[in-house]
Amino acid sequence: MAIDKDTVRKVARLARIAEPEDRLEPLAKELSGILGWIEQLNEVDVEGVEAMASTVDVSLPLREDRLQEGDTGGGQPDNVVANAPKTEDHFFVVPRVVE
Amino acid sequence: MTDISDLTLAKLRDALKEKKISAAEATDDYLSRLEAASELNAVITLTADKARDMAKASDARLAKGEGGALEGAPLGIKDLFCTKGVLTTAGSHILDGFTPRYESTVTSNLWRDGAVMLGKLNMDEFAMGSSNETSFYGPVVNPWRREGDKTPLTPGGSSGGSAASVAGHLCAAATATDTGGSIRQPASLTATVGVKPTYGRCSRWGIVAFASSLDQAGPIARDTRDAAIMLKSMAGHDPKDSTSIDRPVPDYEAALGQSVKGLRIGVPKEYRLDGMPAEIEMLWRQGISWMKDAGCEIVDISLPLTKYALPVYYIVAPAEASSNLARYDGVKFGHRAKDFDDITSMYENSRAEGFGDEVKRRILIGTYVLSAGYYDAYYLRAQKVRKKIFDEFTRAYEKVDLILTPSAPSAAFGLGEKTADPVQMYLNDVFTVTANLAGLPGASVPAGLDAQGLPLGLQLLARPFDEETMFKGMYALEQAAGFTARPDEWWA
């Protein structure tokens, strides 16, 4: 299915990517080209086939519900915020969200 | 004796153990080769000081008669692996300045075994590309050129820096990752050996995520033995990755040289494409007769869903990517736009500035196919076709032990030649992407040169977790091909 300029604007908004107005038309063309090629999947009979999300045929492992140590453990706020563009007292600083 | 950089990883390992060479010498040699090869643009961050420190520690262990399986071996690391205290970019502007506070499990395993890190290697942005041209840091140039022609060629992608630096002998071996062919296609284009193991064999923890159900780490190396040595160190169960499989890692090197007599080699007729160069078809036939001469039984098989694998991939991978890449929002790490009005425009502008065109394209496709009203038609349907492709392989492996195909539909092509049409670029992965969808191990082995003097590879696919049989087959192919050609060092 071909997608139009308005759909691209909507999808870009959902994806939180600013696309300038003059990019919407070329993007609609590019994405329609890709989606058109993808649509050959409609030729495949998938009646009664189960959807496959992962090739790993095991149930996800559970661990004991207690604080982990090491890289995946808690208690390391310095590490958590170390790469943030703007922080204050171990908080991420962002523009005002609530008026 | 021969130059250090001419030694394979296996020979270097032995020479280090026997103290014929020190890790410091090997490291200095490779660092100077890397510095002299800036024209190839294979490296994003050279870690010379760290490399020398690691080499010194290796020499101390070797002096005491200690040391791991890779003690003192200088390696290149694809810049998708998080490395503690070392800039990690994933080839993207949006990860500017990102310096992880932790080390990926795969690289931790390599350092545990004594390896030395030379630097972080260039790659397509977030591993999305087949020519290395989507990297924010510019394309990698293939050490190989057409005969009598200086046109810069792609080393393939996304692990282009890994492939080029191994082919140019700028490191002893390299790590890489493969989501749709990003290890095997560049290996084919650079006459290196690339191995994508079974999904779950190597931990994904600390590897910048692209498409989580498809991503898998593996080595790019000079020959089959080196790839076997690398994979043994890289692989293993990791509780930090819930899809990592808890089973012992075999000694892949021990499989090399074992007889392939009686192995059933499947040849799928659907891997013969219209418009594929005749040389690739001929090389494939040659590969079939090599395996036959080695005592294998050749079995014609049919995998009729092959042509749907790429379209499935271009729904599943962008869908997963759109979710994984949601974390790049200018808040927790990386690039934040300077100009914005509110928090939404901060997200939107940071992402618009930080992502390149191909990454944006894939995020938009992923967002679209997951959006209300299209989920069933695209995403769910793709997952069902994926299941059918998986079942098709399972049935094929009732009749055969390995599957032999070409690795890529063309030899290395010129930079800029295929960037105009995304779908043309996507077709590079037509032979490799099936293994990702089905979670199977696959490998590319250099097999010959085309009329222009460019390398071509052959691919072997195996059953899940049967890398040993795959390595047996790879070694047999390698022995029969006797591939020794090397690119001229025009960049040095």
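For the structure, see preceding data.
Our subject in this report is the structure included herewith.

The rules behind the values
Residues numbered from 1 in each chain as written. Chains lettered and ligands numbered in written order. Predicted model: local features only at pLDDT ≥ 70, side-chain atom pairs only at ≥ 80, totals over all residues. Helix = DSSP H or I, 4+ residues; strand = E, 2+ residues; numbered from the N terminus. Rg over C-alpha atoms; globule rule 2.2 N^0.38 Å. Buried ≥ 20, exposed ≤ 12 C-beta atoms within 10 Å, placed from the backbone. Pairing = 2+ DSSP bridges. Axes fitted to C-alpha atoms, helices over the stretch in contact; angles between N-to-C directions. Expected span 1.5 Å × (residues − 1). Contact = placed C-beta atoms within 7 Å. Core = buried A, V, L, I, M, F, W, Y, C linked by C-beta atoms within 7 Å. Nonpolar A, V, L, I, M, F, W, Y, C, P; charged D, E, K, R; others polar. Parallel < 35°, antiparallel > 145°, perpendicular 65-115°, else oblique.

Things to note about the overall build of chain A
A count of helices and strands for chain A gives three helices and two strands. Counting from the amino terminus, helix and strand elements in chain A follow one another as α-α-α-β-β. Over its C-alpha trace chain A gives a radius of gyration of 22 Å, far above what one expects of a compact globule, namely 13 Å for 99 residues. Projected onto its principal axes, the C-alpha coordinates of chain A cover approximately 50 × 45 × 25 Å.

Side note on the overall build of chain B
Broken down by element type, chain B carries 16 helices and eleven strands. Here chain B has a C-alpha radius of gyration of 21 Å; the compact-globule value for 492 residues is 23 Å, and the two agree. Projected onto the principal axes, the alpha-carbon positions of chain B cover approximately 65 × 55 × 50 Å. Counting the 492 residues in chain B, one finds 62% classified as buried.

A short note on the sheet that holds strand 2 (residues 74–78) of chain B
All names here are of chain B. Read across the open sheet, the eleven strands follow the order 1-3-2-4-6-5-10-11-9-7-8; overall the sheet is mixed. Two strands close off the open sheet at either side, each with one partner strand: strand 1 (43–46) and strand 8 (297–301). With direction set aside, neighbouring strand axes in the sheet form an average angle of 30°. Bridge count between strand 5 (residues 193–196) and strand 10 (residues 442–449): three bridges; the pairing is antiparallel.

What to know about helix 12 (residues 357–370) of chain B
Here helix 12 of chain B spans 20 Å end to end across 14 residues, near enough to the 20 Å set by a 1.5 Å rise per residue. Of all 14 residues that make up helix 12 of chain B, ten are buried, and the element is covered over most of its length. Taken residue by residue, helix 12 of chain B has Val359(B), Lys360(B), Arg362(B), Ile363(B), Leu364(B), Ile365(B), Gly366(B), Thr367(B), Tyr368(B) and Val369(B) as its buried positions. Elements in contact with the buried residues of helix 12 of chain B: helix 1 (5–14) and helix 2 (21–38) of chain A together with helix 10 (309–324) and helix 13 (375–396) of chain B.

Brief notes about the environment of Ala69(B)
Residue and element names in this part refer to chain B. Secondary-structure assignment places alanine 69 in the loop between helix 3 (48–63) and strand 2. The spacing of alanine 69 and alanine 57 is twelve residues in sequence and 15 Å in space, taken between C-alpha atoms. When sequence neighbours within four positions are dropped, the list of residues in contact with alanine 69 reads Asp113, Ile229, Lys232 and Ser233.

What to know about the nonpolar core
By size, the foremost hydrophobic cluster in this structure holds 164 residues, and its most contacted members are Leu75(B), Val116(B), Val312(B) and Ile315(B). Each residue touching Val116(B), except ones within four places of it in the same chain, is listed here: Ala23(B), Thr27(B), Ala51(B), Met54(B), Ala55(B), Ser58(B), Gly72(B), Ala73(B), Pro74(B) and Leu75(B).

Describing the interface of chain B and chain A
Between chain B and chain A, the residue contacts involve 54 residues of the former and 39 residues of the latter. Breaking the side of chain B that touches chain A down by element, the ones donating at least two residues are helix 10, helix 11 (343–354), helix 12, helix 13 and helix 14 (422–426) of chain B. Among the elements that line the side of chain B that touches chain A, the one with the most residues is helix 13 of chain B, at ten residues. Of the residues assigned to the side of chain B that touches chain A, the class counts are 28 nonpolar, twelve polar and 14 charged.

Topic: unusual backbone geometry
Look at the link from Gly157(B) to Ser158(B): it is a cis peptide, with omega at 10°. Mapped onto the fold, Ser158(B) is located in the loop between strand 3 (116–121) and helix 5 (160–167). Within the chain, His90(A) stands out as a residue other than glycine whose phi angle is a positive 70°. Position of His90(A) among the secondary structure elements: in the loop between strand 1 (87–88) and strand 2 (91–92). One non-glycine residue, Ala127(B), lies in the positive phi region at around 65°. Within the secondary structure, Ala127(B) is located in the loop between strand 3 and helix 5. Exposure remark for Ala127(B): the 30 C-beta atoms within 10 Å place this residue in the buried category.

Here's the deal with the packing of helix 1 of chain A against helix 12 of chain B
Between helix 1 of chain A and helix 12 of chain B, whose axes approach to 9 Å, the crossing angle comes to 95°. The angle between helix 1 of chain A and helix 12 of chain B falls in the class roughly perpendicular. Packed against helix 1 of chain A, whose contacting residues are Val11(A), Ala12(A) and Leu14(A), the element helix 12 of chain B presents Leu364(B), Thr367(B) and Tyr368(B) at the interface.

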